[in-house]
Amino acid sequence: MTPHQYASIRAYVGFTDESTEVLRSFHPLVAPKARAIIDDFYAAIEAHPDARAAITGGAAQIARLKTTLLGWLDSLLLGPHDLAYLEAHSRIGRVHVRISLPQEFMFTAINRIRKHLNDIALRSLPLGSPEQAATKTAVNQVLDLELAIMLDTFREDLVDKMRARERLATIGELSATIAHELRNPLGTLGSSLFLLRKRLETLQVSDPLLDKHHARIAHQVQECVTMTTNLLDLAREKPLTRRATFVAEVVDETMRQIIAPQDIHIHLNIPVGLQLYGDPDQLRHALANLIRNAVEALPGKGNIEVSAGHLNESIHIDVSDDGPGVPPELQRRIFDLLFTSKASGTGLGLALARRVCEAHGGTLSLEPSPVGARFRITIPEPAADAQRSVV
Amino acid sequence: MGSRAPRRVLVVEDNEELAENITEIFLGGGYDSRMVHSGEAALQCMQTERFDTMVTDLRLPGISGLDLIVAMRAKGTRTPAIVISAFADDATVKRAGVVGALDVLPKPLDFDRLFALVESVERVELGSRAPGSSPP
């Protein structure tokens, strides 16, 4: 919210510096009851499953939040209700946005606080006095102001998301065009490499340096091809061609695309005969992205395990490594489009892999793991999937 | 029943360097190969020369690779056609099937796959009728 908007809202609800003075003198009456108000406030949240769902940190987090709320209540009454106040309270609003708190809870929460404060004003101030009337008015005004600030953070978030989406759409179109145009030069490079290799074979030339650089160019060409494929797939949301497929087959085929340093050991642990119902091409693509990420996460050596099995009514495929793992602060963002933590990453791989899994009605998630990282693909089994589509 | 003259492949690709490379790869694989850079040139070429297989790009400067197949069939040329494309969406792949293309291969080309495909044409033809016999 801009300072101008804030001033305008203040004027609209009729909040003045006088209101701040009234609230300040009300504060000593509220302070002794603050703890009880906050406890009641959180009891209401804990009693409601959807509201409780927004709080993921359990009792420890609630204890922290209660302390924060006490500070909030102090600041609400003491002010000063200036631009620093606006900024501090907008920050609280942004936390609500971040934890995806449904907006309706904000209204009910503010109303609960409103009721408590009005009750205190009713009981602690001389009945019918101008002081009581002024306090009740100021309480309602400051809470209306608070709601406006909170709602504005949700609006800001929506505007940001909309802009990001527009930007992505433009980037998407542009990059699909570029990716398309790159295919011809890459095709020429690839075919020239093919011809060079044939020629070297014919001439029976065997030279480590030639081989090394031939392989290096071939590898980089392949990287570019993968990148363009990712971009184009992303741009066009390819429909699925599902069929019953052996998981081991998908994994084996994927492994053919993977180039890993000698000291990185990839262990496959796929039950014989395990089948899934999905688009093998697209799943291979998703899986290859996960395995490549694991290879890149390892410092040139280490272990990767690809395992699979039944899980609830799904088939899961896990890719785990014993590398450094994903830092907690990045975990929420790694699946975001164009987000990358790698120097040469494009931020396409995981976003695309997740999209493939979701198109199957499944998921791609980062699972808790004692060491390294563990990514899990789940694909619903046909029976469960069929049931879902009937409903 | 002629002796085994090299099979002839017509390469239709507007990127000249790529066309040259593909042609060279076919020559290296024991095929006789010729290249042109447009669908129109391909049609003209097929009026005077006979090919066993055609490999055509999808996007060409004049008529597209698929239109080329349609035009060619209209003129009674039954040469099997393989479409290569930098990026074929599913609608294109479907349409390629409808106009009678053998397959659509993505660029960059997997030459082993391309050779396998060209050879499969050869096997089918040898199996179904004597080489060089006229189309029914």
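Refer to the preceding data block for the structure.
In what follows, the accompanying structure is described. Predicted model only: the values in this text are computed from it and were never measured.

Further remarks concern the overall build of chain B. A tally of regular secondary structure across chain B gives five helices and five strands. Helices and strands appear in chain B in the N-to-C order β-α-β-α-β-α-β-α-β-α. Surface exposure of chain B reaches about 6,700 Å², of which carbon and sulfur atoms provide 53%.

The interface of chain A with chain B comprises 16 residues on the first partner and 17 residues on the second. Approximately 1,600 Å² of surface area, both sides summed, lies buried where chain A meets chain B, with 62% of it carried by carbon and sulfur atoms. The tally of links between chain A and chain B comes to one salt bridge. Linking Arg59(B) and Glu181(A) is a salt bridge whose minimum nitrogen-to-oxygen distance equals 3.0 Å. Seen at the junction of chain A and chain B, the total is seven residue pairs in polar contact (both at pLDDT 80 or more). Looking at the side of chain A that touches chain B element by element, the count peaks at eleven residues for helix H8 (residues 130–202) of chain A. Taken together, the residues of the side of chain A that touches chain B break down into six nonpolar, six polar and four charged.

Moving on, we get to the packing of aromatic side chains. Residue and element names in this part refer to chain B. Going through the model one piece at a time under the given rule, you end up with five aromatic pairs over all chains. Judged by centre distance (5.5 Å) and plane angle (80°), the ring pair of Phe 26 and Tyr 31 falls under edge-to-face. Comparing Phe 26 with Tyr 31, the two get one shared label, buried. Taking 5.5 Å as the distance between ring centres and 80° as the angle between the ring planes, the aromatic pair formed by Phe 26 and Phe 115 counts as edge-to-face.

What follows covers helix H2 (residues 39–48) of chain B. Residues and elements named next belong to chain B. Turning to H2, its buried residues number three or more, namely Gly 39, Ala 42, Leu 43, Cys 45 and Met 46. The buried side chains of H2 occupy one side of the element, clustering within an arc of 165° when seen end-on. Exposed and facing more than 90 degrees away from the buried side of H2 are Gln 44, Gln 47 and Thr 48. Each element contacted by the buried residues of H2 is listed here: strand E1 (8–12), strand E2 (32–36), strand E3 (53–57) and helix H3 (65–74).

Moving on, we come to the pattern of salt bridges. All names here are of chain A. All told, the structure shown has 26 salt bridges over all chains when counted by the stated rule. The partner of Arg 10 in a salt bridge is Asp 17, and the shortest N-O contact between them spans 3.2 Å. By relative accessible area, which is 14% here, Arg 10 ends up buried. When salt bridges with common partners are traced through the structure, they connect Glu 87, Arg 91, Arg 94 and Glu 156 into a single cluster.

Residue and element names in this part refer to chain B. Across the interface, H2 lies against H3 with an axial gap of 10 Å and an inter-helix angle of 25°. By the angle between their directions, the pair H2 and H3 is classed as roughly parallel. As H2 packs across H3, the resulting crossing turns out to be right-handed. In contact with Gly 39, Ala 42, Leu 43 and Met 46 of H2, H3 contributes Leu 68, Ala 71 and Met 72. In the contact of H2 with H3, the residues fall into six nonpolar, one polar and no charged.

We now examine a negative patch on the surface. All names here are of chain B. A cluster of acidic residues, Asp 14, Glu 16, Glu 17, Glu 20 and Glu 24, forms a negative patch on the protein surface. Structurally, the position occupied by Glu 16 is in helix H1 (residues 16–28). Of the residues examined, Glu 16 reaches a relative accessible area of 51% and is grouped as exposed.

Before going further, it helps to spend a moment on the nonpolar core. Residue and element names in this part refer to chain A. In terms of nonpolar packing, the biggest core is built from 42 residues, with Phe 26, Leu 73, Leu 117 and Leu 143 touching the most fellow members. Residue contributions to this core peak at nine residues, all from H8. Residues within four places of Phe 26 in sequence aside, it is in contact with Leu 77, Leu 117, Ile 120, Ala 121, Leu 125, Thr 135 and Val 139. Formed by 37 residues, the second largest nonpolar core is a distinct cluster that contains Ile 291, Ala 308, Leu 350 and Cys 357.

With that settled, the discussion passes to a nonpolar patch on the surface. Side chains of Leu174(A), Ile178(A) and Leu182(A) sit close together on the surface and give an oily, nonpolar patch of about 280 Å² of accessible area. Among the secondary structure elements, Ile178(A) is positioned in helix H8.

Here we take up the pairing of strand E7 (residues 374–380) of chain A. Residues and elements named next belong to chain A. Of all seven residues that make up E7, six are buried, and the element is covered over most of its length. Pairing of strand E5 (residues 314–321) with E7 involves seven bridges; the strand directions are antiparallel. Note on E7: the bridge partner recorded for His 316 is Thr 378. Bridge count for strand E6 (residues 363–367) against E7 is five bridges, and the pairing is antiparallel. Across the sheet, the residue bridging to Glu 367 is Arg 374, located in E7.

Cut-offs used in this document
- Residues numbered from 1 in each chain as written.
- Chains lettered and ligands numbered in written order.
- Predicted model: local features only at pLDDT ≥ 70, side-chain atom pairs only at ≥ 80, totals over all residues.
- Heavy atoms only, no water.
- Helix = DSSP H or I, 4+ residues; strand = E, 2+ residues; numbered from the N terminus.
- Areas by Shrake-Rupley, 256 points an atom, 1.4 Å probe, with all protein chains shown as cover.
- Contact = heavy atoms within 4.5 Å.
- Buried area = accessible area lost by both parts, 1.4 Å probe.
- Salt bridge = Lys/Arg side-chain N within 4 Å of Asp/Glu carboxyl O.
- Polar contact = N/O pair within 3.5 Å; in protein donor to acceptor, adjacent residues only side chain to side chain.
- Nonpolar A, V, L, I, M, F, W, Y, C, P; charged D, E, K, R; others polar.
- Phe/Tyr/Trp six-rings, centres within 6.5 Å; stacked < 30°, edge-to-face > 60°.
- Buried < 20%, exposed > 50% of the residue type's maximum accessible area, 1.4 Å probe, protein only.
- Arc of directions from axis to C-beta.
- Axes fitted to C-alpha atoms, helices over the stretch in contact; angles between N-to-C directions.
- Parallel < 35°, antiparallel > 145°, perpendicular 65-115°, else oblique.
- Left-handed = near helix turned anticlockwise from the far one by under 90°.
- Patch = residues over 30% accessible without salt bridge, like charges linked within 9 Å, V, L, I, M, F, W, Y side chains within 5 Å.
- Lys, Arg positive; Asp, Glu negative; His and termini not counted.
- Charge placed at Lys NZ, Arg CZ, Asp CG, Glu CD.
- Core = buried A, V, L, I, M, F, W, Y, C linked by side-chain atoms within 4.5 Å.
- Pairing = 2+ DSSP bridges.

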